[in-house]
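So you can see what is in the structure, the chains are spelled out below.
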Amino acid sequence: MKQKISMEQLAIAHSQELYDLTEANREYLREWLPWLDHIKSISDTEKFIESTIEESSVGGAPNFAVFYEGAICGVAGFHEINKQHKIGSIGYWLAQNYNGNGIITTVVTELVKIGFGELNLNKIEIRCAEGNIKSRAIPERLGFTYEATLRQCEWLYSKYVNHAIYSMLASEYNA
Ligand SMILES: CC(C)(COP(=O)(O)OP(=O)(O)OC[C@H]1O[C@@H](n2cnc3c(N)ncnc32)[C@H](O)[C@@H]1OP(=O)(O)O)[C@@H](O)C(=O)NCCC(=O)NCCS
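Residues numbered from 1 in each chain as written. Predicted model: local features only at pLDDT ≥ 70, side-chain atom pairs only at ≥ 80, totals over all residues. Heavy atoms only, no water.

Participant: Talk me through the packing of helix α1 (residues 15-24) against helix α3 (residues 42-59); I want residue IDs and the actual numbers.
Facilitator: Relative orientation of the contacting elements α1 and α3 amounts to 115°, with a least axis distance of 9 Å. Both α1 and α3 take part in a crossing whose hand is right-handed. Counting all contacts with α1, which are made through Ser15, Gln16, Leu18 and Tyr19, the residues of α3 involved are Ile42, Thr45, Glu46 and Ile49. Its residues placed into classes, the contact of α1 with α3 shows four nonpolar, three polar and one charged. (Axes fitted to C-alpha atoms, helices over the stretch in contact; angles between N-to-C directions. Helix = DSSP H or I, 4+ residues; strand = E, 2+ residues; numbered from the N terminus. Left-handed = near helix turned anticlockwise from the far one by under 90°. Contact = heavy atoms within 4.5 Å. Nonpolar A, V, L, I, M, F, W, Y, C, P; charged D, E, K, R; others polar.)

Now the structure itself:
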């Protein structure tokens, strides 16, 4: 991983910095993420972090605080792991000021390595809202295959959005 970029598995110790970052980017993140209205105070960020720790311990789906030059700049990780079929789905967000540095491209490269290596997945998916061009650029840049667009997968405050589905297979990663 590039020197300036690092990841730490989400922990309660990240709560304050992560809440402050969320608060500062609330309007920006609201364009594409559905959960902003559920984060009203630091205790909501703590609950989110606790749930990711729990999910990681039982479901094996790790989530990470992403750091740029020592400061938290976003979150990335696995939404869920389907253990029977060995499928994982990656999600990510970055604070507005940190866009354009290749941070999430670098982080997702690392998550893919963890997914096929440590988590022994057969398939990794990335689902992006159809109109979220910057998000779609991540799997496209990393050689994921576009599979399909599914209709009205997500309620974004005032409208449903379609999801563009990208995936990579273990056989493609290892080739
Ligand atoms: C989606 C999102 C993470 C993309 O952020 P990003 O900064 O474009 O992505 P990266 O960190 O990988 O950086 C890529 C950009 O850095 C540039 N870049 C600079 N150095 C780079 C490098 N070494 N490698 C790759 N890209 C690099 C790229 O050219 C690109 O910039 P461009 O968009 O001007 O072409 C961010 O816009 C975001 O969080 N949006 C709101 C929440 C969201 O949509 N989450 C996803 C829900 S599915």
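Participant: Kindly report on the site of the ligand, identifying the contributing residues and their values.
Facilitator: The ligand sits among 20 residues. The nearest are Asn99, Gly100, Ile104, Thr105 and Asn132. At a separation of 2.7 Å, an oxygen atom of the ligand approaches a polar side-chain atom of Asn99. Here Ile103 contributes a backbone N or O atom positioned 2.8 Å from an oxygen atom of the ligand. When the free accessible area of the ligand is taken as 940 Å², the share hidden by the protein chains comes to 72%. When residues of the shell around the ligand are traced back to their parent elements, those giving at least two are β4 (87-94), α4 (103-116) and α5 (133-141). Tallying contributions element by element places α5 first for the shell around the ligand, with four residues. Here the shell around the ligand is built from residues that sort into nine nonpolar, seven polar and four charged. (Near = heavy atom within 4 Å. Polar contact = N/O pair within 3.5 Å; in protein donor to acceptor, adjacent residues only side chain to side chain. Areas by Shrake-Rupley, 256 points an atom, 1.4 Å probe, with all protein chains shown as cover.)

Participant: So, the side chain of Asn25: which residues are in play, and what are the values?
Facilitator: Here Asn25 is to be found in the loop between α1 and α2 (26-30). According to the relative accessible area criterion, Asn25 is buried, its value standing at 7%. Polar side-chain contacts of Asn25 include one of 2.9 Å to the backbone nitrogen of Gln96. Asn25 has contacts with Ala95 and Gln96, leaving out every residue within four places of it along the chain. (Buried < 20%, exposed > 50% of the residue type's maximum accessible area, 1.4 Å probe, protein only.)

Participant: Quick rundown of the sheet that holds β4? Include the residues and the values.
Facilitator: Taken in spatial order, the seven strands line up as β1-β2-β3-β4-β5-β7-β6 in an open sheet, and their pairing is mixed. The open sheet terminates on both sides in strands that have one partner only, identified here as β1 (5-9) and β6 (145-156). Sheet twist, expressed as the average angle between the axes of neighbouring strands with direction ignored, equals 30°. Of the strands in this sheet, β3 (71-82) and β4 are in contact with α1, which crosses β3 at around 100°. (Pairing = 2+ DSSP bridges.)

Participant: Quick rundown of the nonpolar core? Include the residues and the values.
Facilitator: Membership of the largest hydrophobic core comes to 31 residues, with the highest contact counts inside it found for Ile90, Tyr92, Ile103, Val107, Val108, Leu111 and Val112. Of all the elements in the fold, those that place two or more residues in this core are β1, β2 (63-68), β3, β4, α4, β5 (123-129) and β7 (159-169). At eight residues, α4 tops the list of elements feeding residues into this core. Ignoring any residue separated from it by four or fewer positions in sequence, one finds Val112 in contact with Ile90, Ile124, Phe144, Met168 and Tyr173. If you look at the next biggest cluster of nonpolar residues, it comprises 13 residues, including Leu29, Ile49, Phe67 and Trp93. (Core = buried A, V, L, I, M, F, W, Y, C linked by side-chain atoms within 4.5 Å.)

In short, shape yes, function no, at least from these values alone.
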